[in-house]
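# Chain and residue survey
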2 protein chains.
Amino acid sequence: MSLYRVGTSTCLFPEMPVITATGSVVGPREGQGPLGSLFDLAYRDTAAGETSWERGETRMLRQAVDIAMAKAGIADADVDFLLAGDLLNQIVSSSYAARDHDVPYLGLYGACSTMGEGLALAAFLVAGGFARNVVVCSSSHHDTAERQYRYPTEFGYQRVPTSQWTVTAAGAAVVGLSGRGPRIEAATVGRVQDFGVSDANDMGSAMAPAFADTVWRHLQDMSRKPEDYDIIFSGDLGRVGSAIADDLLGKKGLDIKALHRDTALMIYEMKPEVSSGASGCGCAASVFAAKIWADLASGALRRALLVPTGALHSPITCQQGESIPCVAHAVSLVGEGSRHTGEVRQ
Amino acid sequence: MSLYRVGTSTCLFPEMPVITATGSVVGPREGQGPLGSLFDLAYRDTAAGETSWERGETRMLRQAVDIAMAKAGIADADVDFLLAGDLLNQIVSSSYAARDHDVPYLGLYGACSTMGEGLALAAFLVAGGFARNVVVCSSSHHDTAERQYRYPTEFGYQRVPTSQWTVTAAGAAVVGLSGRGPRIEAATVGRVQDFGVSDANDMGSAMAPAFADTVWRHLQDMSRKPEDYDIIFSGDLGRVGSAIADDLLGKKGLDIKALHRDTALMIYEMKPEVSSGASGCGCAASVFAAKIWADLASGALRRALLVPTGALHSPITCQQGESIPCVAHAVSLVGEGSRHTGEVRQ
């Protein structure tokens, strides 16, 4: 049997799974941001017409899935797995959204790295011959997450410069065996990194080492340089974490500054209350669905590395004085016409 | 490309992944139960020598992994993925245990179905050619879970006959390409089922339809009868849920009563405080690791279906009046010498 691995951590897909369609649904602040017009649906109401924020988040996630499936022209019977995760305890947004689909369901938890974990697993399932189509989705909601992780949003606590603003957004993607669309060329699943940061208001600093480790391993495994990618997207390190990540990679001899963009710095106008940038697994998911996927499909991007990062703490572990373990997963995405040939030096 | 699927929901592995070793670590009550002598390690102290129950749970999970890897004779460098999940918010037991291994990490959430989800995914990763060895693990802890889902354990609330007792236990398994040991023949990933049960003290009734749906689909997809399995294990329906599950399958013309065993009814002596039986994702994980795997390895079981079931609610969704969505995943396990040949009728 063939083993489709290169180096220490990377899987390379001989037949590249295709991301045939995406869907994105966001809240009011995200809809008014720089990418506002690119999202499929933007609510003016943070509860998305439901009676609670939690129900609103579930509705947004379900709609992102429905939109992606409609664009791909597929129904439940065509989907072999639904992979989903979110920030809420027991990932209830995902499980309650999955309840409305008659599709085998696998729940994931990777905090803000979830869309990376999901896209990698979808690629494994499709490329391994276990699925025709896999739907991957992830969401976060400012009000459901803030009150769970920090304070009730009505409390109006003082934000610090390292704080990040949890987005209200959901993103979904259909990954299939064939069809048109950007493709998943390779995936590097990350290792847990913990450099001792214990401040839940400074997740960018905590996550930067995980991002740096995964990017470094991916480039080593693929025998590539940063310049082999048009853009390396992190999600979501924020302003503080992005600078640390660039420095960490610089110390390893990799200069990614000019190629590095962070989805946390793309979704909002950087007003003071946003502090260091956005966060929440809906951020990388919705920015990927609305912007990165579209740029790969149009040819504006030839090859991009998407590296969502997650902080794996809980309020309880922070109260107990633990530091924050983090993880980052990389998926290498190529535009429709690209090929491996001659580009992977093994 | 070949598609390794049969029927609506089942993947059949042409080269069956091997479960080369397992590890199990349990708390005091579990160590004194009917399976007590089979577990690799049983603590007399619910905090496992740590300063908090949460740290104790993490320690037990890490030790279950260490034991399984030691038995398999492998180190971190031989493991391509660590798949883990537990019941705590943000699956912190898993992520903190993963921090001590230099292995690519994928976090899962399937409540008590997690070991089923993990074994299925491990089989996909190994059989798809993406991993040499995958470590799968899951844990629960009576005290960390009860205070998170229901009441502080010191409160001593009145238990009802449908209540289940969350176990303090961790189980781990190494799934590989080759070697000796029981093998994973097929996996059926479940769909979310919700029949409207909203009582968090009656999870067995909530989960029974998910178990019945997955078992029914698995048998249909494989063109098999219940008798083709020596035992069909659920985990964990308890006394109440098991009876409902048998009835539901009976109405579909499948009589599994004589073949059905529930891991919730195997781990404890059924004293009054245990009520309907055990629960918690550590139950199916540790009973699989200590008992089911060993019986398949010794030849006492020729073929078994392991169907861990999960209730996917949270305390918040219960407070908001939502019903409990559930899921169950089936893995068909065969003893060392078994073959597909002539047994799968396609």
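Just so it is clear, the structure is predicted and the values come from calculations on it, not from any experiment.

For the rest of this paragraph, the subject is the packing of helix α2 (residues 53-72) of chain A against helix α5 (residues 142-149) of chain A. Residue and element names in this part refer to chain A. As a packed pair, α2 and α5 sit with axes 8 Å apart at the nearest point and diverge in direction by 130 degrees. The angle between α2 and α5 falls in the class oblique. Judged by the sense of rotation from one axis to the other, the crossing of α2 with α5 is left-handed. Two secondary-structure elements touch here, α2 through Trp53, Glu54 and Glu57 and α5 through Asp143, Thr144 and Arg147. Of the residues assigned to the contact of α2 with α5, the class counts are one nonpolar, one polar and four charged.

Residue and element names in this part refer to chain A. Strand β7 (residues 133-140) sits mainly inside the fold: eight of its eight residues count as buried. The alternating pattern of β7 places Asn133, Val135, Cys137 and Ser139 on one face and Val134, Val136, Ser138 and Ser140 on the opposite face, and all of these are buried. Judged from the six bridges that link them, strand β5 (residues 81-86) and β7 form a sheet pairing that is parallel. Across the sheet, the residue bridging to alanine 84 is cysteine 137, located in β7. Relative to strand β9 (residues 169-176), β7 runs antiparallel, the two sharing eight bridges. Looking at the pairing, cysteine 137 lines up with alanine 172 of β9.

A grouping of Leu177 of chain A together with Met1 and Leu3 of chain B is seen on the molecular surface, where their side chains present a nonpolar patch of about 250 Å² in accessible area. Turning to its location among the elements, methionine 1 of chain B is positioned in the segment before β1 (5-6).

Here we take up the domain arrangement of chain A. Residue and element names in this part refer to chain A. According to the domain assignment, chain A contains domain 1 (5-176) and domain 2 (183-334). Centre-to-centre, using C-alpha coordinates, domain 1 lies 17 Å away from domain 2. Counting residues at the interface gives 65 residues for domain 1 and 59 residues for domain 2. In this assembly, domain 1 packs against domain 2 so that about 4800 Å² is buried in total across both faces, 64% of it on carbon and sulfur atoms. A salt bridge links glutamate 273 to arginine 29; the shortest N-O distance between them is 3.2 Å. The interface formed by domain 1 and domain 2 contains 30 residue pairs in polar contact (both at pLDDT 80 or more). Among the residues forming the side of domain 1 that touches domain 2, the class breakdown is 34 nonpolar, 25 polar and six charged.

Here the focus is the interface of chain B and chain A. Taken together, the contact pairs 66 residues of chain B with 66 residues of chain A. Both faces considered, chain B and chain A share a buried interface measuring about 5500 Å² in area, 61% of it formed by carbon and sulfur atoms. The largest share of the area that chain B buries against chain A comes from Met1, Gln90 and Phe130 of chain B, three residues that together contribute 15% of it. The shortest N-O distance in the salt bridge between arginine 5 of chain A and aspartate 80 of chain B comes to 3.5 Å. Scanning the region where chain B abuts chain A turns up 33 residue pairs in polar contact (both at pLDDT 80 or more). Taken together, the elements giving at least two residues each to the side of chain B that touches chain A come down to α2 (53-72), α3 (92-98), β6 (105-107), α4 (114-127), α5 (142-149) and α9 (315-319) of chain B. Looking at the side of chain B that touches chain A element by element, the count peaks at six residues for α4 of chain B. Considering only residue class, the side of chain B that touches chain A consists of 35 nonpolar, 17 polar and 14 charged.

Conventions we followed
Residues numbered from 1 in each chain as written. Chains lettered and ligands numbered in written order. Predicted model: local features only at pLDDT ≥ 70, side-chain atom pairs only at ≥ 80, totals over all residues. Heavy atoms only, no water. Axes fitted to C-alpha atoms, helices over the stretch in contact; angles between N-to-C directions. Helix = DSSP H or I, 4+ residues; strand = E, 2+ residues; numbered from the N terminus. Parallel < 35°, antiparallel > 145°, perpendicular 65-115°, else oblique. Left-handed = near helix turned anticlockwise from the far one by under 90°. Contact = heavy atoms within 4.5 Å. Nonpolar A, V, L, I, M, F, W, Y, C, P; charged D, E, K, R; others polar. Buried < 20%, exposed > 50% of the residue type's maximum accessible area, 1.4 Å probe, protein only. Pairing = 2+ DSSP bridges. Patch = residues over 30% accessible without salt bridge, like charges linked within 9 Å, V, L, I, M, F, W, Y side chains within 5 Å. Areas by Shrake-Rupley, 256 points an atom, 1.4 Å probe, with all protein chains shown as cover. Salt bridge = Lys/Arg side-chain N within 4 Å of Asp/Glu carboxyl O. Domains from an automatic or database assignment. Buried area = accessible area lost by both parts, 1.4 Å probe. Polar contact = N/O pair within 3.5 Å; in protein donor to acceptor, adjacent residues only side chain to side chain.

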